[in-house]
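# Residue-level structure breakdown
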Amino acid sequence: MRFDYYAGEPVTYAVHLVNTRDSTSDRDDLRTLPDLQRFVTEVGIQVAPEAHDLRVVRNLRDDLRAIFATDDLGLGMGLVNRLLVQFNSAPRLVNDAELGIHIHFEPVHLSLGHWLGAITAAGLMFHVCDQGLDRLGICASDKCKRAFIDTTKNGRKFYCSPRCSHRASVEAFRLRQNEGNSSRGHQHQPRA
Ligand SMILES: [Zn+2]
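Residues numbered from 1 in each chain as written. Predicted model: local features only at pLDDT ≥ 70, side-chain atom pairs only at ≥ 80, totals over all residues.

## Let's talk about the overall build of the chain
Along the backbone of the chain there are six helices and four strands. When the elements of the chain are put in sequence order from the N terminus, they spell out α-α-α-α-β-β-α-β-β-α. Taking 16 Å as the expected radius of gyration for a compact globule of 192 residues, we find that the chain reaches 21 Å, considerably beyond that expectation. For the chain, the spread of C-alpha atoms along the three principal axes comes to 80 × 35 × 30 Å. Burial analysis of the chain (192 residues in total) assigns 30% to the buried set. In the chain, the share of contacts with a sequence separation of at least 24, taken over all contacts with a separation of at least 6, comes to 60%. (Helix = DSSP H or I, 4+ residues; strand = E, 2+ residues; numbered from the N terminus. Rg over C-alpha atoms; globule rule 2.2 N^0.38 Å. Buried ≥ 20, exposed ≤ 12 C-beta atoms within 10 Å, placed from the backbone. Contact = placed C-beta atoms within 7 Å.)

Below is the structure:
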């Protein structure tokens, strides 16, 4: 089974979708239909959105964030399974000149919201089956909290980017310095 083939692009869509909302502020890049159209264009999806897709995609975004956020394998599997049922991700064989025999997971006639739900659910199913939840994460920085896929060799990434990792080490260093200063300060305080 070509796990990467079926998981790669849909899981990337999931990351981009989760990150349309900044959970550390009020920023939400998916409030209106034009926002959704922009998202679709940016990630290279060919299905055009309609007004009713906005609610479906926004709800899907919340469900996907929960999958990236949990370390509990049973919970994560349950969340993926629920999306598979909700969006009728049923496999069927397709054969075309470009790709040869491959599998589609989305029903034939679909709105964007259901198409996106069906393929992200199926992509995450393959990803979790192959790699568990360890490589799906939410950035550990309190100022970020973006979803990411850990592609490092050892799979021990806590931050979405070198920028967040650097900022966290600078903050930790400053905290240690402050703690050092204040404990030295206590030592010099006169006794009552
Ligand atoms: Zn980050």
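On we go.
## Some words on the pairing of strand 1 (residues 92-96)
Burial of strand 1 is sparse: only zero of the five residues sit out of reach of the surface. Taken together, strand 1 and the strand that follows it, strand 2 (residues 100-104), pair antiparallel across an intervening segment of three residues. (Pairing = 2+ DSSP bridges.)

## Topic: the environment of C144
Assignment of secondary structure puts C144 in the loop between strand 3 (136-138) and strand 4 (147-149). Judged by C-beta crowding, with 20 C-beta atoms within 10 Å, C144 ranks as buried. For the pair formed by C144 and C160, sequence separation is 16 residues and the distance between their alpha carbons is 8.4 Å. Apart from the residues lying within four places of it in its own chain, the contact partners of C144 are T24, C139, C160 and C164.

## Re helix 5 (residues 112-131)
Its 20 residues place the ends of helix 5 28 Å apart at the C-alpha level, agreeing with the 28 Å of an ideal helix rising 1.5 Å per residue. Among the 20 residues that make up helix 5, 17 are buried, leaving the element largely enclosed by the rest of the structure. Count one or two residues on from helix 5 and you reach G132, which has phi positive near 65°. (Expected span 1.5 Å × (residues − 1).)

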